[in-house]
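Structural description and commentary
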Amino acid sequence: MSVITPVATTMRRITEQDNPAIAAVIRTVSAEYGLTADKGYTVADPNLDELFQLYSQPGHAYWVIEQDGNVVGGGGIAPLSCSEPDICELQKMYFLPSVRGQGLAKKLALVALEHARAHGFKRCYLETTAFLKEAIGLYEHLGFEHIDAPLGCTGHVDCEVRMLKSL
């Protein structure tokens, strides 16, 4: 009889040392789904290699999921650019295949939404693409509703799925 020992995962706030690892996760997952830089997806963001610096600003937060000392996923929250001050955006939620289906994205999203509430945000916006069916299902489960038009100025012009949730 073999016994499978579960691998411990931890969620924590991003550190500067995590920058290369989480950028690699985002690039790996983006490539897996064909989300290329030329189409305006997250992989094209100019700050992708400096997420710690970006999410160290007021109202911003980013968490990484670590497994056996390796960053295997992450996600964050930030004020929505060019928008009303009470709207934040759930951003850069990416997880390697090895940790999908374990409830980690849901756990991280709930922490991010609670952080947003605690910082005075009343609504949370997100953009994604129809290729990410599992993510859309999670967002719907969390109470995000589909909206017709983009909010703010995210620069992600090919993210055709836009969702909003009241906090």
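Figured I'd write up the structure that's included with this text. Computed from a predicted model, the values in this text were never measured in an experiment. (Residues numbered from 1 in each chain as written. Predicted model: local features only at pLDDT ≥ 70, side-chain atom pairs only at ≥ 80, totals over all residues. Heavy atoms only, no water.)

Observations concerning the overall build of the chain
The secondary structure content of the chain amounts to 4 helices and 7 strands. The order of α-helices and β-strands along the chain, N terminus first, is β-α-α-β-β-β-α-β-α-β-β. Every one of the 167 residues in the chain was classed for burial, and the buried ones make up 45%. In the chain, once contacts between residues fewer than 6 apart in sequence are set aside, the share between residues at least 24 apart is 65%. Counting every atom, the chain has about 8600 Å² of accessible surface; 55% of that belongs to carbon and sulfur. (Helix = DSSP H or I, 4+ residues; strand = E, 2+ residues; numbered from the N terminus. Buried < 20%, exposed > 50% of the residue type's maximum accessible area, 1.4 Å probe, protein only. Contact = heavy atoms within 4.5 Å. Areas by Shrake-Rupley, 256 points an atom, 1.4 Å probe, with all protein chains shown as cover.)

Re the packing of aromatic side chains
Inspection of every chain in the model, using the stated rule, returns 2 aromatic pairs. Their ring planes at 45° and their centres at 4.9 Å tell us that Y55 and Y62 sit as a pair that is tilted. Given the relative accessible area of 3%, Y55 is considered buried. Looking at Y62, the relative accessible area reads 0%, which means it is buried. When the centroid spacing of 5.9 Å and the interplanar angle of 65° are considered together, the rings of Y139 and F144 count as edge-to-face. For the pair Y139 and F144, a shared accessibility class is recorded, and that class is buried. Residue placement shows R13 over the ring face of W63; its charged tip is 5.5 Å from the ring centre. (Phe/Tyr/Trp six-rings, centres within 6.5 Å; stacked < 30°, edge-to-face > 60°. Lys NZ or Arg CZ within 6 Å of the ring centre and 35° of its normal.)

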